[in-house]
Amino acid sequence: MNKTKPYEISKHIVLEAFQRVKTNKGAAGIDGESLKAFEEDLKNNLYKIWNRMSSGSYFPPPVKAVEIPKKNGGTRILGVPTVADRVAQMVVKIYLEPQVEPYFHPDSYGYRPGRSAANALAVTRKRCWEYNWLLEFDIKGLFDNIDHELLMKAVRKHTDNPWVILYIQRWLIAPFQMPDGTVKERSKGTPQGGVISPILANLFLHYAFDKWMAKHHPGIPFARYADDGVAHCRSRKDAESLRGNLEKRFAECGLELHPTKTRIVYCKDDDRRGNYPDTKFDFLGYTFRPRRSKNKFGKLFINFTPAVSSKAKTAMQQTIHDWRIHLKPDKTLEDLAHMFNPILRGWVNYYGRFYKSELYSVLRHMNRALVHWARRKYKKLTRHRRRAENWLGRIARREPELFVHWKMGILPGAG
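Residues numbered from 1 in each chain as written. Predicted model: local features only at pLDDT ≥ 70, side-chain atom pairs only at ≥ 80, totals over all residues. Heavy atoms only, no water.

Draft legend 1. Representation of the packing of helix 1 (residues 11–24) against helix 3 (residues 42–55). Relative to each other, helix 1 and helix 3 sit at 120 degrees, their axes nearing to 10 Å. Taken together, the axis directions place helix 1 and helix 3 in an arrangement best described as oblique. By crossing handedness, the relation of helix 1 to helix 3 is classed as right-handed. Contact with helix 1, carried on its side by Lys-11, Val-14, Leu-15 and Phe-18, involves Leu-42, Leu-46, Tyr-47, Ile-49 and Trp-50 of helix 3 and no other residues of that element. Partitioned by chemical class, the residues of the contact of helix 1 with helix 3 number eight nonpolar, no polar and one charged. (Axes fitted to C-alpha atoms, helices over the stretch in contact; angles between N-to-C directions. Helix = DSSP H or I, 4+ residues; strand = E, 2+ residues; numbered from the N terminus. Parallel < 35°, antiparallel > 145°, perpendicular 65-115°, else oblique. Left-handed = near helix turned anticlockwise from the far one by under 90°. Contact = heavy atoms within 4.5 Å. Nonpolar A, V, L, I, M, F, W, Y, C, P; charged D, E, K, R; others polar.)

Rendered as structure tokens:
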């Protein structure tokens, strides 16, 4: 360790930070430098980051603002730091995360090691069976509205490391470079897209929501994934009371509940009587609602349970459409499997976890895209869709391992 520097930062941690950034991939920032270009002069680039961070002279460049379309219309601003700045942020994350992680609430699931959206879904499903009512809530523009003073108070509560505090302060006020080239100063929020932002958002909400819930509403279990969450209540009155209290609490912290995405839901099933307007909600790409299920004896009953949401299905089908598989007649079937199986596998692993059959329409859409490809590739199949389906179906039965969904029995021409 170089004792002439005011801050002791390990060179090994800087290298580890780069390796993590490389694994996460990501686009270039305002300097246009890609991960590949950064790596071409890796030793020198990492030394510069270490040298500046150790001496206290590291100042983050502006964050590249990119407009991302929202699924429900409109856009949100994503902040893309440069590769070098992502490495610097990762260095601080590696030091800060072990300091805060042990204090976080067990029902906070977003952006945390060893926790996932799947965990949040599983616990929510179980609690929907135990509690009749649910408050679905969403924090409006969380990453844009985090109060810097309150956040730094939380940071200082968990670390007295001077350079961790210094650089977090600098990242919080690093300006946005907008798509038109103008630079926009920032006085609140932490850019969605920054490496350090998720842990800072979790730290802020740990005090704004998680600990507040544990203190003021200990009998109401919840699951929170970043700015998205659900809380389970015994009665409608409890849910309405919680909603009012939450609005006040978030207002105290400079935040606001999203007016249309915050709703009270009745978790209706065979045992729960009464008709209420809202009996379904979306959470983490799944729709929870009453569904027909079979018990272990084969008897049908109505169960309040999750399945892949219509929005998620539409998005996956659009992705398949955007692959333009039929415009790849130069590729073999094996090439296509190699190209698309990793994405299909990810969909099946995530969206097939609960009520898997709801996902089958997406996988059949993939089969139709493959049939379209076959008709483009082989002249004898061009005018004969049914013949192309049968041809592909024979291959699928012979080689079910070729595509992820074929292995599940979702074959071309079937169903």
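Draft legend 2. Looking closely at the pairing of strand 1 (residues 63–69). Examined bridge by bridge, strand 1 and strand 4 (residues 176–177) share two bridges and lie parallel to one another. Along strand 4, the bridge assignment pairs Lys-64 with Gln-177. Bridge count for strand 1 against strand 2 (residues 75–80) is six bridges, and the pairing is antiparallel. Each bridged residue has a counterpart across the sheet, and for Pro-69 the counterpart in strand 2 is Thr-75. (Pairing = 2+ DSSP bridges.)

Draft legend 3. View of the environment of Leu-411. With respect to the helices and strands, Leu-411 occurs in the segment after helix 15 (404–407). Spatially, the C-alpha atoms of Leu-411 and Arg-234 are 45 Å apart, while their sequence positions differ by 177 residues. What Leu-411 contacts, discounting residues up to four positions off in sequence, is Asn-367, Ala-396, Arg-397 and Trp-406.

Draft legend 4. Focus on the pattern of salt bridges. Tallied over the full model, the rule gives 16 salt bridges. Ionic pairing is found between Arg-20 and Glu-16, a salt bridge with its closest N-O pair at 2.7 Å. Of this pair, Arg-20 and Glu-16 both sit in helix 1, separated by four residues, roughly a single helical turn. When its relative accessible area of 32% is taken as the criterion, Arg-20 is described as partly exposed. Where Lys-22 meets Glu-39, a salt bridge forms, and the shortest distance between an N and an O atom there is 2.9 Å. Taken as a pair, Lys-22 in helix 1 and Glu-39 in helix 2 (residues 35–40) lie far apart in primary sequence, 17 residues in all. Members of the salt-bridge network, linked through shared partners, are Glu-136, Arg-263 and Asp-278. (Salt bridge = Lys/Arg side-chain N within 4 Å of Asp/Glu carboxyl O. Buried < 20%, exposed > 50% of the residue type's maximum accessible area, 1.4 Å probe, protein only.)

What is shown is where atoms sit, not what they do.
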